[in-house]
Structures are given as C-alpha cells and as structure tokens.
Amino acid sequence: MPMTAIINATTTGTVTVVAANPTGRIRVLGYHFGSTAGVGLTWLAGSTSLSGVTRTLADASVILPVSEIGGMVTPENTTLSLNLNGNATVGGYVVYDVL
C-alpha cells in the first residue's frame, strides 16, 4: 500500500524524509518538491547516494510521476534522506512503499 511522507528541509545538510523500517526496504514510487532558491539535492539511503545531484532553480518544482514500478530502493533498515548542498527551503512529498 503506497504511503506519503512530507519533504521539509530548510538548511544545508541532510534531512530524513522516511524513517528506517527494521524489516523492510523503502521504495520510492514518485515525488514532487519545490525550492525557494537554486540548490542541489541528492537522495540518500543512510549516507549512501541513491541519485546524482538534482539542481533546482528558485521557485521551480521537480516531479517524478508516481509509478507502481518504483525507482530508488534503500537497503533494509535504512533511512531515506535528502541532502541539500545550499541554503533553501525545500518542500513537497514523496510517495513510497515498503518491500
């Protein structure tokens, strides 16, 4: 069953988007986020990169349409996080399930 989590980041560094599931892997099915300033964002599983740097423009949105196939998957018992390489307010949501 798909679930959603809020993306809410305001400073340089890493913010946890989905807490680790002790017996499962988090699979990203889609996401939508926007930022108040140009910033680079990297999806992480724990401290390991799941993506390259996605660069945004001020007041722009990034959308990965929801798909049952999914995309990025974390290892078991690992958080899904987002790292910002600059100061910006980033907000949105991620749709995910647990395998």
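Right above here is the structure, for reference.
Residues numbered from 1 in each chain as written. Predicted model: local features only at pLDDT ≥ 70, side-chain atom pairs only at ≥ 80, totals over all residues. Heavy atoms only, no water.

Observations regarding the pattern of salt bridges
Applying the stated criterion to the full structure yields one salt bridge. Between Asp 97 and Arg 27 there is a salt bridge, with its nearest N and O atoms 2.5 Å apart. Here Asp 97, found in strand β9 (residues 90-98), pairs with Arg 27, found in strand β3 (residues 26-35); they are 70 residues apart in sequence, far enough to count as distant. (Salt bridge = Lys/Arg side-chain N within 4 Å of Asp/Glu carboxyl O. Helix = DSSP H or I, 4+ residues; strand = E, 2+ residues; numbered from the N terminus.)

Here's the deal with the nonpolar core
In terms of nonpolar packing, the biggest core is built from 21 residues, with Trp 43 and Val 94 touching the most fellow members. Elements with a contribution of two residues or more to this core: β1 (3-9), β2 (13-18), β3, β4 (39-45), β8 (80-84) and β9. With four residues, β3 is the single largest residue contributor to this core. (Core = buried A, V, L, I, M, F, W, Y, C linked by side-chain atoms within 4.5 Å. Buried < 20%, exposed > 50% of the residue type's maximum accessible area, 1.4 Å probe, protein only.)

Some words on the environment of Val 17
Checked against the element boundaries, Val 17 lands in strand β2. Separated by 11 residues in the primary sequence, Val 17 and Ile 6 have C-alpha atoms spaced 6.8 Å apart. The residues contacting Val 17, other than those within four sequence positions of it, are Ala 5, Ile 6, Ile 7, Trp 43, Leu 80, Ser 81, Leu 82 and Val 94. (Contact = heavy atoms within 4.5 Å.)

Observations regarding the packing of aromatic side chains
By the definition in use, this model includes three aromatic pairs. Here the aromatic rings of Tyr 31 and Trp 43 are separated by 5.1 Å at their centres, their planes lie at 45°, and the arrangement is tilted. Pair noted here: Tyr 31 is in strand β3 and Trp 43 is in strand β4, with a separation of 12 residues, a long-range link. Classification of Trp 43 by relative accessible area gives buried; the value is 2%. Note on Phe 33 and Trp 43: the rings are 6.4 Å apart at their centroids and 65° apart in plane angle, and the pair reads as edge-to-face. Taken together, the positions of Phe 33 in strand β3 and Trp 43 in strand β4 put the pair 10 residues apart, joining distant regions of the chain. With respect to class, Phe 33 is no different from Trp 43; both count as buried. Joined through ring pairs, the aromatic side chains of Tyr 31, Phe 33 and Trp 43 make up one cluster. (Phe/Tyr/Trp six-rings, centres within 6.5 Å; stacked < 30°, edge-to-face > 60°.)

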